[in-house]
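Coordinate inspection notes
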Amino acid sequence: MITGANKGIGRAAAEQLTALGMTVLIGARNPRRGEDAAAALPATGGNAHAVVLDVTDQATARTAAQQIEERFGRLDVLINNAGVTGSGQVSPEDAHDQVPSSVDLDMVRAVFETNVFGVIAVTNAMLPLLRRSPAPRIVNVSSAAGSLTITSDPDGSLATLPTSAAYTPSKAALNALNMQYANELRKNGILVNAADPGYVDTEVNNHSRYLTVAQGAAVLVRLATLGAGGPTGGFFSEDGPVPW
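None of the values given here were measured: they were computed from a predicted structure.

1. Side note on the sheet that holds strand β3 (residues 77-80)
- Taken in spatial order, the five strands make up an open sheet running β3-β4-β5-β6-β7, and their pairing is mixed. Edge positions in the sheet fall to β3 and β7 (240-241), since each has one partner strand and no second.
- By the bridge criterion, five bridges tie strand β4 (residues 137-141) to strand β5 (residues 191-195) in an arrangement that is parallel. Paired with Val141 across the bridge in β5 is Ala195.
- Strand contacts of helix α7 (residues 213-224): β3, β4, β5 and β6 (235-237), with the helix running at about 155° to β4, the strand carrying the most contacts.

Written as structure tokens, this is what we have:
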């Protein structure tokens, strides 16, 4: 199950997972977009199904879980990919509405609603199904912007960006939440890790970055398919561990 999987990194992860032979559930707020994305995947040899899911609406998360239970009986992997910056389709350098001293609190709340509270809503709805899997995995899609080590470096590339008052704290909170789930669920064999896709060219940054969505999705897929001895409670990019 991948939230926000009708486009971008989520869709690229769906393509890669179906190519590995997995049945992938495309979570999307818009039913038509989800169905179109799912319909396109079998052309690459995959098996995909659309699931209507708005992570900011707990009722749709519960309904999605019920539909998955009725059709498949369990869930092996949950990728919490859906996320927003709050600034719309602009490059991070131009997101001047995120300057801390002038940020709109309603925007901050809206970003946290998707990036943090939405993860809780979906994860908790899906946990009973994940517990039925022989090798359950949860991947929370974070960002280097959520690393306090990286953003606190005054000479680092992220320190000068205005994208700090909504998106960055939401990803730092997601990282903390990732650890809480990992601590609780490790005894159940559920591996929970945060992923940093890197500087991926997507809609949310107005296509201002350089990695392809396929490159960004690679770390999601790797964490989704970890073996039994794999890590839990970590934060990883495709190059390895990311500092907290």
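Having seen the structure, we can now continue with the description.
2. A closer look at the pairing of β5
- Most of β5 sits out of view: five of its five residues are buried.
- Alternating positions in β5 separate into two faces, Leu191, Asn193 and Ala195 on one and Val192 and Ala194 on the other, with burial throughout.
- Bridge analysis of β5 against β6 gives two bridges, and the strand direction is parallel. The residue bridging Ala194 from the neighbouring strand is Phe235, located in β6.

3. Observations regarding empty space enclosed by the protein
- By the definition in use, this model includes one cavity of 30 Å³ or more.
- Put simply, the largest cavity is a space of about 30 Å³.
- Lining the largest cavity are Thr3, Val55, Asn80, Ala82, Thr114, Gly118, Val119 and Val122.
- Ranked by residue count, the leading element in the lining of the largest cavity is helix α4 (residues 105-130), at four residues.

Conventions used here
- Residues numbered from 1 in each chain as written.
- Predicted model: local features only at pLDDT ≥ 70, side-chain atom pairs only at ≥ 80, totals over all residues.
- Heavy atoms only, no water.
- Pairing = 2+ DSSP bridges.
- Helix = DSSP H or I, 4+ residues; strand = E, 2+ residues; numbered from the N terminus.
- Contact = heavy atoms within 4.5 Å.
- Axes fitted to C-alpha atoms, helices over the stretch in contact; angles between N-to-C directions.
- Buried < 20%, exposed > 50% of the residue type's maximum accessible area, 1.4 Å probe, protein only.
- 1 Å grid on protein atoms, 1.4 Å probe; cavity = no way out; pocket = protein on both sides within 12 Å on 5 of 7 lines; lining within 4 Å.
- Points joined across faces, edges and corners; volume = space filled by probe spheres on them.

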